[in-house]
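Summary of the model geometry
The residues making up each chain are set out below.
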Amino acid sequence: MSKHVFLVGIDEYDKAIFGDIDLRGCINDIDKAESFLGTPGALFRRLCNDFARKQTVLFCLNDYASILQPGDELHFYFSGHGTRFEKDGKMHTARVMHDDILPDYEITPILAKFKAGVTVVLYSDSCYSTGNSRTAAKPPAANAARRSIEAPKELTDVTPPEYTDPRKYAATIYYFSACESNEVAWEIGGVGNFTQTLAILLRGYKQPTSITTIYKTLKKSIAHQHPTLQTKNKSKSKVPKI
């Protein structure tokens, strides 16, 4: 059994595509994630800023899907902007890479390739809120920034493929997100609110603790947003620990 950690943090975005949307805390976030996910023997990949391009991230995820074996774990930690957009009457959510958006409908078919007995945890310190009501909330501090954007139309004006049926997942998939789908994930003082609170919380545990236990404590401890934890095929594998 092996533990793989894939870290993606983006503070600097391609200005020719997105304009001035840079953040300040995402590299700090994956530094912290590297520390608290870095158990002995863990195997790391790390992509930052202009190395975190959409096709590179897709290549890495496909590579993990092909090489991981039953009993292995993948912890994919993303820190950066998120977005959501409407296409053909459906709302779609996406992580924002350095050069493009990576919609969930492009990640879903890759997750369906992971073998039974593999556990995948996707952490996201970003948010999908754009023009909905909860983005109107006042920043919690003078140095706070939202981690969401309105994606350029030329990036969303594509025909999405059909969704992979989640019931076809063989692996166990966990989605550990910084906030609810209509909320803002805040960056405060050069670090993600979700990542910072999680890192502080984990310092209090003396041994690796299940992600479900951590989540229950985290949602009581964090301010200004409401983290979520969802899972697919939970019964097929042991609950991962951090």
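The structure under discussion appears in the preceding block.
The rules behind each value
Residues numbered from 1 in each chain as written. Predicted model: local features only at pLDDT ≥ 70, side-chain atom pairs only at ≥ 80, totals over all residues. Heavy atoms only, no water. Helix = DSSP H or I, 4+ residues; strand = E, 2+ residues; numbered from the N terminus. Rg over C-alpha atoms; globule rule 2.2 N^0.38 Å. Buried < 20%, exposed > 50% of the residue type's maximum accessible area, 1.4 Å probe, protein only. Contact = heavy atoms within 4.5 Å. Areas by Shrake-Rupley, 256 points an atom, 1.4 Å probe, with all protein chains shown as cover. Lys, Arg positive; Asp, Glu negative; His and termini not counted. Charge placed at Lys NZ, Arg CZ, Asp CG, Glu CD. Pairing = 2+ DSSP bridges. Axes fitted to C-alpha atoms, helices over the stretch in contact; angles between N-to-C directions. Parallel < 35°, antiparallel > 145°, perpendicular 65-115°, else oblique. Left-handed = near helix turned anticlockwise from the far one by under 90°. Nonpolar A, V, L, I, M, F, W, Y, C, P; charged D, E, K, R; others polar.

**Things to note about the overall build of the protein**
Summing up its helical and strand segments, the protein has seven helices and eleven strands in all. Against the 2.2 N^0.38 benchmark of 18 Å for 242 residues, the protein shows a C-alpha radius of gyration of 17 Å, consistent with a compact globule. In terms of overall dimensions, the protein has C-alpha extents of about 45 × 40 × 30 Å along its principal axes. Buried positions account for 55% of the 242 residues belonging to the protein. Of the contacts formed within the protein by residues at least 6 apart in sequence, a portion of 78% connects residues at least 24 apart. Carbon and sulfur atoms provide 50% of the accessible area of the protein, an area that totals close to 11100 Å². Across the protein, the centroid of the 31 positively charged side chains sits 10 Å from that of the 27 negatively charged ones.

**Some remarks on the sheet that holds strand S6 (residues 101–103)**
In a beta sheet, neighbouring strands pair by backbone hydrogen bonds and run either parallel or antiparallel. Overall, antiparallel pairing links the three strands, which are arranged S4-S5-S6 in an open sheet. Of all strands in the sheet, those with a lone pairing partner are strand S4 (82–87) and S6, marking the two edges. Each strand axis lies, on average, 40° off the axis of its neighbour in the sheet, ignoring direction. With six bridges joining them, S4 and strand S5 (residues 90–96) adopt antiparallel strand pairing. By the bridge assignment, threonine 83 is partnered in S5 with alanine 94. Helix-sheet contacts for helix H4 (residues 104–111) involve S4, S5 and S6, and the interaxial angle to S6 is about 55°.

**Thoughts on the packing of helix H6 (residues 193–203) against helix H7 (residues 211–221)**
Close contact between H6 and H7 brings their axes to 10 Å; oriented N to C, the two are set at 120°. Here H6 is positioned oblique relative to H7, judged by the angle of their axes. Judged by the sense of rotation from one axis to the other, the crossing of H6 with H7 is right-handed. When H6 is examined against H7, the residues Phe194, Thr197, Leu198, Leu201 and Leu202 are found in contact with a partner set consisting of Ile214, Thr217, Leu218 and Ser221. Classifying every residue of the contact of H6 with H7 by side-chain character gives six nonpolar, three polar and no charged.

On their own, these measurements won't tell you what the molecule is for.
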